[in-house]
Amino acid sequence: MLNSDLARELATQYGTPLWVMDAEVVRARVAQLQGFDTIRFAQKANPNTHVLGLLCGLGVKVDAVSRGEVLRAQHAGFSLGGAQGSMAEAVGAELVYTADLLDRETLDLVCERALVVNCGSLDMLQQLGERSPGHAVWLRINPGFGHGHSRKTNTGGEGSKHGIWHGQLPQALDLLRALGLRLVGLHMHIGSGVDYEHLARVTRAMLDAVTTVRQAGLDLHALSAGGGLSVPYRPEDPSVDTAHYFSLWDAARKQAEVILGHGLALEIEPGRFLVAEAGSLLAEVRVRKQQGDLSYLLIDAGFNDLVRPAMYGAHHAMRLITRTPRELGPTQEVIVAGPLCESGDVFTQDAAGELRPQTLPQADVGDWIEIERTGAYGSAMSSNYNTRPLAAEVLVDGADCRLIRRRQAVEDLLALESGL
Ligand SMILES: *Cc1c(COP(=O)(O)O)cnc(C)c1O
């Protein structure tokens, strides 16, 4: 939540819609995970190079899932490589590339820059091994079950495209050996959130996989717990108990060390947890409308900016920031919607598209709405739908504020279509 005076200042200076990130919140989240040997940021949650630079400076490493993310991470200061050096270099690699497939251009980059790769399919292993013998790889395992209510966000089980199916791990290991690839570690990204019983099931599945590696006569050097730490989007949502989360994984790591007879590094790979609560989206109220019994506020941000409510029915708390300080009037139930020419452009809806109004004090045109906890999968998932330029981004760090992405101009978009 932003300080109201600061929000007014930023909205006035930079215009709206405006993304605001708070560096202090990011630092606090990093500090909570210090028990892990490596914190690897899943940059897809918020790939702004200034956010990446902040994390890099804190000793956090990075995960990339596209060629663009590799180049972005490099630009932000992360070093590439490690897949053709010693095993210690591979384990310590600043960047790991995670995917279920490598398109041709990315396969070239992975080989040229010796990027450590976290492989989620046998075909990908095959293609990499043929091109780059000796390459260091992680194996991403799908343990046969997932977590969560939405198929769109579930990352395990047969309904998920992700990872090497647990039953195919022996085949993957045979392939790895035949191709001369080197195994760094095993990875599972299932996303248990605050469901610690489920998390314990994930760690058991990990130990089964470690046993399979051992039985195949192979070795490994690290385990990755993946991401999927939840954040409280609603007041009643619990926060992740990071000490407990660590203790479950640490216990599994120690059991794996017994199985293998040597030490193992333990990684965690959060996206959302590190950045979600650090971010807000500021938008201006432009229209108040009464449609029958329902009250609407129309703001100058749409699902082109923040798609999570329209795509997943995600809930984001909102706050009214008056243009000038004033006594707040009575609250009312309002539907908050955007400017897009599309009926789904509503920030207050559930996964079925049912309207879920929020309770806000009465707003005037010119006031602002702060949409909270939008630092993850907010700006990162924005589009240019309706030819709306990408919004500006600001990073607040104590008394310091700086623009970390300028507002896109329509001319930037038209320049891609030159030749008319
Ligand atoms: C998306 C992703 C993450 C991060 O997920 P969060 O839910 O944001 O923590 C971690 N690892 C991989 C491989 C991912 O694809």
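- The chain goes by Diaminopimelate decarboxylase in an unreviewed UniProt entry, where it is assigned to Inhella inkyongensis.
- A UniProt comment under Cofactor (unreviewed entry) is attached to the chain, and it reads "pyridoxal 5'-phosphate".
- Looking at the chain in UniProt, the text filed under Subunit (unreviewed entry) is "Homodimer."

Description of the overall build of the chain
Here is step 1 of the chain: Scanning the chain for helices and strands turns up 13 helices and 18 strands.
Here is step 2 of the chain: Relative to its length of 420 residues, the chain is compact, with a C-alpha radius of gyration of 23 Å against a globular reference of 22 Å.
Here is step 3 of the chain: Dimensions of the chain along its principal axes, counting C-alpha atoms only, are 70 × 55 × 40 Å.
Here is step 4 of the chain: Out of the 420 residues in the chain, the part that is buried amounts to 54%.
Here is step 5 of the chain: Of all intrachain contacts in the chain linking residues separated by at least 6 positions in sequence, the fraction that spans at least 24 positions is 72%.

Some thoughts on the site of the ligand
Here is step 1 of the chain: If you check the shell around the ligand, you find Ala 42, Lys 44, Thr 98, Arg 140, His 189, Gly 227, Gly 228, Glu 269, Pro 270, Gly 271, Arg 272 and Tyr 377 and nothing else.
Here is step 2 of the chain: Interatomic distance of 2.6 Å between a side-chain N/O atom of Glu 269 and a nitrogen atom of the ligand.
Here is step 3 of the chain: One of the backbone N or O atoms of Gly 271 is found 3.0 Å from an oxygen atom in the ligand.
Here is step 4 of the chain: Considering the ligand on its own, with 390 Å² of exposed area, one finds that the protein chains cover 90% of that surface.

Focus on the UniProt feature "binding site: pyridoxal 5'-phosphate" (unreviewed entry) in the chain
Here is step 1 of the chain: UniProt marks Gly 228, Glu 269, Pro 270, Gly 271, Arg 272 and Tyr 377 with the feature "binding site: pyridoxal 5'-phosphate" (unreviewed entry), using the numbering shown here.
Here is step 2 of the chain: Checked against the element boundaries, Pro 270 lands in the loop between β10 (265-268) and α11 (272-275).
Here is step 3 of the chain: What Pro 270 contacts, discounting residues up to four positions off in sequence, is Leu 33, Ile 39, Arg 40, Phe 41, Ala 42, Gly 226, Gly 227 and Leu 229.
Here is step 4 of the chain: Mapped onto the secondary structure, Gly 271 falls in the loop between β10 and α11.
Here is step 5 of the chain: With a relative accessible area of 5%, Gly 271 lands in the buried category.

A few points about the packing of helix α7 (residues 122-131) against helix α8 (residues 169-179)
Here is step 1 of the chain: Packing of α7 against α8 leaves a shortest axis separation of 10 Å and a crossing angle of 5 degrees. What the angle tells us is that α7 and α8 run roughly parallel. Of the residues in α8, those in contact with Leu 122, Leu 125, Gln 126, Gly 129 and Glu 130 of α7 are Gln 171, Ala 172, Leu 175, Leu 176 and Leu 179.
Here is step 2 of the chain: In terms of residue class, the contact of α7 with α8 is built from six nonpolar, three polar and one charged.

Observations regarding helix α3 (residues 49-57)
Here is step 1 of the chain: Of the positions making up α3, those classed as buried are Val 51, Leu 52, Leu 54 and Leu 55. Along the axis of α3, the buried positions cluster into a sector of 160 degrees, meaning they face one direction only.
Here is step 2 of the chain: Where α3 begins, the side chain of Asn 48 points an oxygen toward the backbone nitrogen of His 50, at a separation of 2.7 Å.

Quick word on the side chain of Glu 284
Here is step 1 of the chain: Turning to its location among the elements, Glu 284 is positioned in strand β11 (residues 279-291).
Here is step 2 of the chain: A distance of 2.9 Å separates polar atoms of two side chains, one belonging to Glu 284 and the other to Arg 286.
Here is step 3 of the chain: With residues near it in sequence (within four places) discarded, Glu 284 still touches Thr 16, Leu 298, Ile 299, Asp 300, Arg 323, Gly 366, Asp 367 and Trp 368.

Cut-off values and rules
- Counting restarts for each chain: residues are numbered from 1 in the order of the written sequence.
- Only residues with pLDDT of at least 70 are given local features in this predicted model, and only at 80 or more are side-chain atom pairs given and counted; all residues enter the totals for whole chains, interfaces and linings.
- Side-chain metrics in this entry use all non-hydrogen atoms of the structure; hydrogen atoms and water are not considered.
- UniProt positions are given in the numbering used here, feature names are shortened, and annotations may be inferred rather than shown by experiment.
- Secondary structure follows DSSP: runs of H or I at least 4 residues long count as helices, runs of E at least 2 residues long count as strands, and numbering of each begins at the N terminus.
- Computation of the radius of gyration draws on C-alpha atoms, with the globule rule given as 2.2 Å multiplied by the number of residues to the power 0.38.
- The rule is simple: take the accessible area with a 1.4 Å probe, protein chains only, and divide by the maximum for that residue type; under 20% is buried, over 50% is exposed, in between is partly exposed.
- Residue contacts follow a heavy-atom distance rule, with two residues in contact if any of their heavy atoms lie within 4.5 Å.
- Note on definitions. A residue lies near a molecule or strand when any single heavy atom of the residue is within 4 Å of it.
- Polar contacts, as used here, are pairs of N or O atoms within 3.5 Å; protein pairs need one atom able to donate a hydrogen and one able to accept it. Residues neighboring in sequence count only if both atoms are side-chain atoms.
- Accessible surface area values rest on a Shrake-Rupley calculation with a 1.4 Å probe, where residue burial reflects the displayed protein chains alone.
- Between the N-to-C directions of two axes lies an angle of 0 to 180 degrees, each axis being a line fitted to C-alpha atoms and, for a helix, fitted only over the stretch in contact.
- An angle counts as roughly parallel when it lies under 35 degrees, as roughly antiparallel when it exceeds 145, as roughly perpendicular when it falls between 65 and 115, and as oblique in every other case.
- Three classes are used: nonpolar for Ala, Val, Leu, Ile, Met, Phe, Trp, Tyr, Cys and Pro, charged for Asp, Glu, Lys and Arg, and polar for all others, with Gly counted as polar.
- Working note: the arc is built from the helix axis to C-beta atom directions.

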